[in-house]
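Structural description and commentary
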Amino acid sequence: AQSLVLFSIGVVFVCLLCAVLVLGKRRKKLEDEDSSLRNDVEMQDYKKQESTMATSTTGTTATATATATKTVSTNQSMLSACLEMENANEGALKSTADAGDAAAVADNAVEVP
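Note that this is a predicted model, so its numbers are computed, not measured.

When you go through the chain residue by residue, the secondary structure sums to 1 helix and 0 strands. Its C-alpha atoms give the chain a radius of gyration of 48 Å, clearly above 13 Å, the size a compact globule of 113 residues would have. Along the first, second and third principal axes, the C-alpha atoms of the chain reach 165 × 20 × 10 Å. Across the 113 residues in the chain, those meeting the buried criterion constitute 0%.

This is the structure in structure tokens:
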């Protein structure tokens, strides 16, 4: 009777050991599947971010191009204004020189007795 009890305890122990091993393998398999699914989700998120970044970069490039075009246009307008001012200054200098010449002629005319 005592050996039957020991045998029964041994059988139960072996069954529990097998159950633990089988459940451990199943758990490992489920963890691997979960990890694989998480990697897939992370890859999809990464691709979405990459796509969003590409779109954002394109928009930023378009904005920078528009800004550069506006800057060039502004610079051209400023250059035109500077050229007009330079022409006006040259005209004023010529008028001043002409007035100076006229004054010199007038001085010479006055000095002649």
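Glancing now at the environment of Leu 4. Looking at where Leu 4 falls in the secondary structure, it is placed in helix 1 (residues 2–111). Leu 4 sits 42 residues away from Tyr 46 along the chain, and the two C-alpha atoms are 62 Å apart.

Under the defined criterion, the tally for this structure stands at 3 salt bridges. A salt bridge links Arg 27 to Glu 31; its shortest N-O distance comes to 3.3 Å. With Arg 27 and Glu 31 both in helix 1 and 4 residues apart, this pair spans about one turn of that helix. On the accessibility criterion, Arg 27 (57% relative accessible area) is exposed. Here Lys 28 makes a salt bridge to Asp 32, at a shortest N to O gap of 3.4 Å.

Turning next to a nonpolar patch on the surface. A contiguous nonpolar patch, built from Phe 13, Val 14, Leu 17 and Leu 21 and spanning about 400 Å² of accessible area, is present on the exposed surface. For Leu 21, a relative accessible area of 52% puts it in the exposed group.

Analysis parameters
- Sequence order as written defines the numbering, with residues in each chain counted from 1.
- Local features in this predicted model are restricted to residues of pLDDT 70 or higher, and side-chain atom pairs are both shown and tallied only at a pLDDT of 80 or more, whereas totals for entire chains, interfaces and linings draw on every residue.
- Processing note: side-chain calculations cover all non-hydrogen atoms of the structure and skip hydrogens and water entirely.
- A run of H or I in DSSP becomes a helix once it reaches four residues, and a run of E becomes a strand once it reaches two; helices and strands are each numbered from the N terminus.
- The globule rule used for comparison is 2.2 Å times the number of residues to the exponent 0.38, while the radius of gyration itself is calculated over C-alpha atoms.
- Any residue under 20% of the maximum accessible area for its type is buried, any over 50% is exposed, and the rest in between are partly exposed; the area is computed with a 1.4 Å probe on protein chains only.
- Salt-bridge detection follows one rule: a side-chain nitrogen of Lys or Arg within 4 Å of a carboxyl oxygen of Asp or Glu.
- Two distance rules govern patches: like charges are joined within 9 Å, and nonpolar side chains (Val, Leu, Ile, Met, Phe, Trp, Tyr) within 5 Å, applied only to residues with over 30% relative accessible area and no salt bridge.
- Using the Shrake-Rupley algorithm and a 1.4 Å probe, accessible areas are obtained, with residue cover drawn only from the displayed protein chains.

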